[in-house]
Amino acid sequence: MNYLLICFILLTSNVSYENPELTIQIENIGILEGRIRIGVFNKGENFLKREAAIKHYYITVKSSTEIIKINDLPKGDYAFSMFHDENSDDEFNLNFLGIPKEPYGFSNNVKPKFSAPSYESCKFSLAEDRTVEVTLSN
């Protein structure tokens, strides 16, 4: 019986139950005011809708490059969007044509041309620690 218990402990001691660490490095921050809001999604349905995000993170802007480390996402597929809320009104401000007035970015550093990107184009797998860079569009 002790032999079985020792084997079980040895087998399970090598299994990691910790979440991987996602490090996001945000580049091209032009105005050192406000904060960056990041929404994380795990499915394509209602992608980019604020209420569909499974997690929200905020970074107070102090530098032209900011880094956030996220440790509370289990292994899986995700996509994220972010915007620099320069005026701290907690809204992604658009002009009367619907064109963004504030800098924004997406996972995989997707740069949309004429419409918002899809979940599939922004999706990445988080299976181990990972660092990604996003250059904000201005």
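Check the entry above for the structure.
Since the model is a prediction, treat every value here as computed from it, not as a measurement.

S.K.: Honestly, the nonpolar core in this entry has me stumped. Any pointers?
M.R.: If you look at soluble globular proteins, the nonpolar side chains tend to sit buried side by side. Ranked by internal contacts, the top residues of the largest apolar core, which has 21 residues, are Ile24, Ile26, Ile36, Ile38, Phe80 and Met82. Listing elements by their share of this core, those giving two or more residues are β1 (22–27), β2 (35–41), β3 (55–60), β4 (66–70), β5 (76–85), β7 (124–126) and β8 (130–135). Core analysis: the second largest hydrophobic core is formed by 10 residues, Ala53, Ala79, Phe106 and Val110 among them.

S.K.: Just checking my understanding: could you explain the packing of aromatic side chains for this structure?
M.R.: We describe a pair of aromatic rings using the distance from one ring centre to the other and the angle between the two ring planes. Across all of its chains, the model carries six aromatic pairs by this definition. Their ring planes at 75° and their centres at 5.6 Å tell us that Phe47 and Tyr119 sit as a pair that is edge-to-face. On the criterion of sequence distance, the pair formed by Phe47 in the loop between β2 and β3 and Tyr119 in helix α2 (residues 119–122) is long-range, its members being 72 residues apart. On the basis of relative accessible area, Phe47 is assigned to the buried category, the value being 11%. Aromatic rings pair up to connect Phe83, Phe92, Tyr104 and Phe106 into one cluster.

Calculation criteria
- By convention here, each chain's residues receive numbers from 1 onward along its written sequence.
- This being a predicted model, a pLDDT of at least 70 is required before a residue's local features are given, and a value of 80 or more before pairs of side-chain atoms are given or counted; all residues contribute to the totals for chains, interfaces and linings.
- Remark: hydrogens and water are excluded; side-chain values derive from all non-hydrogen atoms of the structure.
- Only buried Ala, Val, Leu, Ile, Met, Phe, Trp, Tyr and Cys residues count toward a nonpolar core, and they belong to the same one when joined by side-chain atoms within 4.5 Å.
- When a residue's accessible area, from a 1.4 Å probe over protein chains only, is under 20% of the maximum for its type it is buried; when over 50% it is exposed; and in between it is partly exposed.
- For the purposes of this entry, the term helix denotes a DSSP run of H or I that reaches at least four residues, the term strand denotes a run of E that reaches at least two, and both are numbered from the N terminus.
- Note on ring pairs: Phe, Tyr and Trp rings are taken, using the six-membered ring of Trp, and paired if centres are within 6.5 Å. Classes follow the plane angle, with under 30 degrees stacked, over 60 edge-to-face and the rest tilted.

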